[in-house]
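Summary of the model geometry
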Amino acid sequence: MAEAPNVGATPVDVFTSGQVVRVAPDATLHEVADALVDAGVGALVVGDGDRAEAIVSERDLVIALADRREPASTTAAEIANDTLVWCDAAAPIAEVAELMMTRYVRHVLVERDGRLVGVVSARDLLGAFAGGEL
C-alpha cells in the first residue's frame, strides 16, 4: 500500500492563483462589499499598485456594520487591518497554518522574491488538511 502524502509539506503557493484582489484605501464599505462578492473571496488587499497597505476581510466589514459605521462614507482604510502577516510562497502549509494560529489571523499574504503573489485563507488550508483538492 502506498504511503499517504504529507499534506502539511505542500507549498502554500499551490493555493495562489497569481491574482491578488485589491481595493483602494478610499473605497467605501459598499465598494468593499461589492468587490468581495464579485471576486468570491473573503478578504481584499488594500493598496494601490504593488503596495499592500492593509487587508480588509468580510469580518472587518461585518464589525464595521455592527458598529453602525456609515457604509457610504466609511473607507476600507478605516476598517482594514494594517498588521500584515506574510509567508514565502515555498512555505509548507503546515507552517502557514501554525503562523495563522500564533498570529490569530485568517488570511496570510504570500510573497515570492519580495512580491505579493497571493493570499491564502484558513479555509484554503482547512480544505487541504480535510482531504480536499490541492
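Numbering of residues starts from 1 in every chain and runs along the sequence as written. In keeping with the model being predicted, local features are shown solely for residues with a pLDDT of at least 70 and side-chain atom pairs are shown and tallied solely at 80 or more, while totals for entire chains, interfaces and linings include all residues. Only heavy atoms go into the side-chain values, all of them from the structure, while hydrogens and water stay out.

1. Regarding the sheet that holds strand β6 (residues 115-121)
- The strand order β4-β5-β6 describes an open sheet built from 3 strands, whose pairing is mixed. Only two strands of the sheet have a single neighbouring strand rather than two, namely β4 (86-88) and β6. Neighbour to neighbour, the strand axes of the sheet diverge by 35° on average, direction disregarded.
- When DSSP locates at least two bridges between a pair of strands, those strands are taken to pair. The helix and strand labels rest on DSSP assignments: H or I over at least four residues marks a helix, E over at least two residues marks a strand, and numbering proceeds from the N terminus. Relative to β6, strand β5 (residues 107-112) runs antiparallel, the two sharing 6 bridges. Bridged to Glu111 within β6 is Leu116.
- Each of β4, β5 and β6 touches helix α4 (residues 93-103); the most contacted strand, β5, lies at about 135° to it. Helix axes are fitted only over the stretch in contact, all axes being lines through C-alpha atoms; the angle between N-to-C directions runs from 0 to 180 degrees. Should any heavy atoms of two residues lie within 4.5 Å, those residues are counted as being in contact.

2. Topic: the side chain of Ser121
- Among the secondary structure elements, Ser121 is positioned in strand β6.
- Excluding residues that lie within four positions of it along the chain, Ser121 makes contacts with Met100, Arg106 and His107.

3. With respect to the sheet that holds strand β1 (residues 22-23)
- The sheet built from 3 strands is open, its strands ordered β1-β2-β3 with mixed pairing. One side of each edge strand has no neighbouring strand; the edge strands of this open sheet are β1 and β3 (54-57).
- Bridge count between strand β2 (residues 43-46) and β3: 4 bridges; the pairing is antiparallel. Bridging from a neighbouring strand, Leu44 pairs with Val56 of β3.
- Sheet contacts for helix α1 (residues 29-39): β1, β2 and β3; angle to β2, the most-contacted strand, approximately 125°.

4. Overview of α4
- Here the term buried applies to any residue with accessible area under 20% of the maximum for its type, exposed to any over 50%, and partly exposed to those in between, with areas from a 1.4 Å probe on protein chains only. Within the sequence span of α4, burial applies to Ile93, Val96 and Met100. Each buried residue of α4 sits inside an arc of 60° when the element is viewed along its axis, so together they form one side. Turned more than 90 degrees away from the buried face of α4, the exposed residues are Glu98, Met101 and Thr102.
- Residue Tyr104 follows α4 closely and has a positive phi angle near 55°. Of all possible arcs, the one meant is that of the directions from the helix axis to the C-beta atoms.

5. As for the side chain of Thr75
- If you trace the backbone, Thr75 turns up in the loop between α2 (58-66) and α3 (76-79).
- Taking the relative accessible area as the measure of exposure, Thr75 reaches 17% and is therefore buried.
- Excluding its chain neighbours within four sequence positions, the residues that come into contact with Thr75 are Pro25, Asp26, Ala27, Thr28 and Leu29.

6. Concerning the packing of α1 against α2
- The geometry of α1 relative to α2 is characterised by a closest axis approach of 11 Å and an angle of 145° between their N-to-C directions. Between α1 and α2 lies a crossing whose hand is left-handed. In this structure, α1 contributes Leu29, Ala33 and Leu36 to the contact, and α2 contributes Glu58, Leu61, Ala64 and Leu65.
- Residues were grouped as follows: Ala, Val, Leu, Ile, Met, Phe, Trp, Tyr, Cys and Pro as nonpolar; Asp, Glu, Lys and Arg as charged; and all remaining residues, including Gly, as polar. Partitioned by chemical class, the residues of the contact of α1 with α2 number 6 nonpolar, no polar and 1 charged. Crossing chirality is assigned from the near helix's rotation relative to the far helix, an anticlockwise turn below a right angle marking it left-handed and a clockwise turn marking it right-handed.

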